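# Descriptive analysis of the structure
So the chains spell out like this:
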Amino acid sequence: MSASGKVELGALWSIVKTLADGKYHSGEDLGVQLGVSRAAVWKYLQRLEGLGIVMSSIKGRGYAIPGGLDLLDQHKIEALLECSIPLTVDVLPIVDSTNSFLMKQEGPSKRACFAEFQTAGRGRRGRNWISPMASNLYCSLGWSFEGGAAAVEGLSLALGVGIIRMLKKRSIFGVELKWPNDVLYQQKKLAGILIEMTGDPAGYCQVIIGVGLNISMHTGQAKNIDQPWVALASIMEEQGVPYISRNEWAAGLLTEMIAILSSYQDSGFAPYQDEWISLAAHRGLNVELLNGQTSIAGVMQGVTETGALQLLTDEGERRFYGGEVSLRGPQ
Ligand code: BTN
């Protein structure tokens, strides 16, 4: 990023932090704080609106973000984290993708990163992950493994189980898994997991686990999402669960992921197999597995002890290691 781009980002972020309190701040005060004119402040506020932040302005009082923002805070996340390993946690205001950020880092292999906004969030199968500002969680965790791809077989499924464990501990129920690792509530997507690997595919490798978890998002921010989605805020309202801050969610998510990763090298997916099957959204249902140009119909049976999908097809039971599952016809 250019030096002027960095300055602009810094100014933008400084305004976000000031307006996060939900109170009105005059254009003049904001200008003094940033050392810029009121016209420049107005331009920054326009940019924030463009990023999906809802703004209110009242003549004579200034600008506010109604309801304020619940911003992430590295120290709060670290204080709430329940794990015994040393872990570096970065909280970035804006990044292209938290997965890409971690991939570029040198230093400790165990490292976590959150961002308030991703300009190029990535989903599975080349999709975008729409990442509006200061609303959801965009998290990546780096971990190293011996044994390459074989050692991490089923890991994304196990982490899906971890997300649901975290939700149940906070009294949120009815969340299910779609193979391999979509987290769904009433067939709408609540979270997704993207695992990327660098290093030796058969030996020592570094795995970057990216999780996008919808916490609270208004329809304007989600207008470019091309599939049914849901956010925790509405599930919590429906289930009468009191407010939980984004920092608590962030720490809870990391805690659960680290618990799974800490023993995965030795135990693999087998200890999570039964729990995954019990949480499967499509078990016993007619589904279609799409993989590139191929489509296979079958009844979803479960998953193997390495996380492969078991489908009962016209040719009998078959196992699959890649693809996208969707519901097929009337059940
Ligand atoms: C999916 O398609 O279901 C996976 C979505 C993964 C999104 C997360 S958000 C944090 C991390 N950074 C990215 O660019 N992607 C992952």
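Look up: the structure comes first, before these words.
Below: a short report on this structure. (Residues numbered from 1 in each chain as written. Predicted model: local features only at pLDDT ≥ 70, side-chain atom pairs only at ≥ 80, totals over all residues. Heavy atoms only, no water.)

### Some thoughts on the packing of helix H2 (residues 27-34) against helix H3 (residues 38-50)
Counted only if it meets this: For helices, the fitted axis covers only the stretch in contact; all axes are lines through C-alpha atoms, and the angles between them, taken along N-to-C directions, range from 0 to 180 degrees. Numbered from the N terminus, helices here are DSSP runs of H or I no shorter than four residues, and strands are runs of E no shorter than two. Orientation is classified from the angle alone, with under 35 degrees giving roughly parallel, over 145 giving roughly antiparallel, 65 to 115 giving roughly perpendicular, and any other angle giving oblique. Here, residues are in contact when the closest pair of their heavy atoms is within 4.5 Å. For this classification, the nonpolar set comprises Ala, Val, Leu, Ile, Met, Phe, Trp, Tyr, Cys and Pro, the charged set comprises Asp, Glu, Lys and Arg, and every other residue, Gly included, is treated as polar.
At their nearest, the axes of H2 and H3 sit 8 Å apart, and the two run at 95° to each other. Classed by the angle they form, the pair H2 and H3 counts as roughly perpendicular. Taken together, the residues of H3 that come into contact with H2 (itself represented by Gly 27, Glu 28, Leu 30, Gly 31 and Leu 34) are Arg 38, Val 41 and Tyr 44. Taken together, the residues of the contact of H2 with H3 sort by class into four nonpolar, two polar and two charged.

### A short note on the packing of helix H7 (residues 155-169) against helix H9 (residues 246-267)
Inclusion rule: Handedness of a crossing follows from how the near helix is turned relative to the far one, being left-handed for an anticlockwise turn of less than a right angle and right-handed for a clockwise one.
Relative orientation of the contacting elements H7 and H9 amounts to 135°, with a least axis distance of 9 Å. Judged by the inter-axis angle, H7 sits oblique to H9. In this structure, H7 meets H9 at a crossing whose hand is right-handed. Between H7, through Leu 155, Ala 158, Leu 159, Gly 162, Ile 163, Arg 165, Met 166, Leu 167 and Lys 169, and H9, the contact on the second element is made entirely by Trp 249, Gly 252, Leu 253, Glu 256, Met 257, Ile 260, Leu 261 and Tyr 264.

### Digging into the site of the ligand
This is how the line gets drawn: When at least one non-hydrogen atom of a residue lies within 4 Å of a molecule or strand, that residue is treated as near it. Two N or O atoms form a polar contact when they lie within 3.5 Å of each other; inside protein one atom must be a possible hydrogen donor and the other a possible acceptor, and for residues adjacent in sequence the pair counts only when both atoms belong to side chains. Here the accessible surface of atoms and residues is derived via Shrake-Rupley with a 1.4 Å probe, and residues count as covered only by protein chains that are part of the display.
Around the ligand, 20 residues are found, and the nearest of them are Ser 97, Gln 118, Arg 122, Arg 124 and Lys 189. Measuring from a nitrogen atom of the ligand, one finds a side-chain N or O atom of Thr 98 at 3.0 Å. In isolation the ligand exposes 410 Å². Once the protein is present, 99% of that is buried. Residue assignment for the shell around the ligand shows that the elements contributing at least two residues are helix H5 (98-104), strand E5 (137-145), strand E8 (188-199) and strand E9 (205-213). Looking at which element gives the most residues to the shell around the ligand, the answer is E8, with four residues. Residue composition of the shell around the ligand, by class: six nonpolar, ten polar and four charged.

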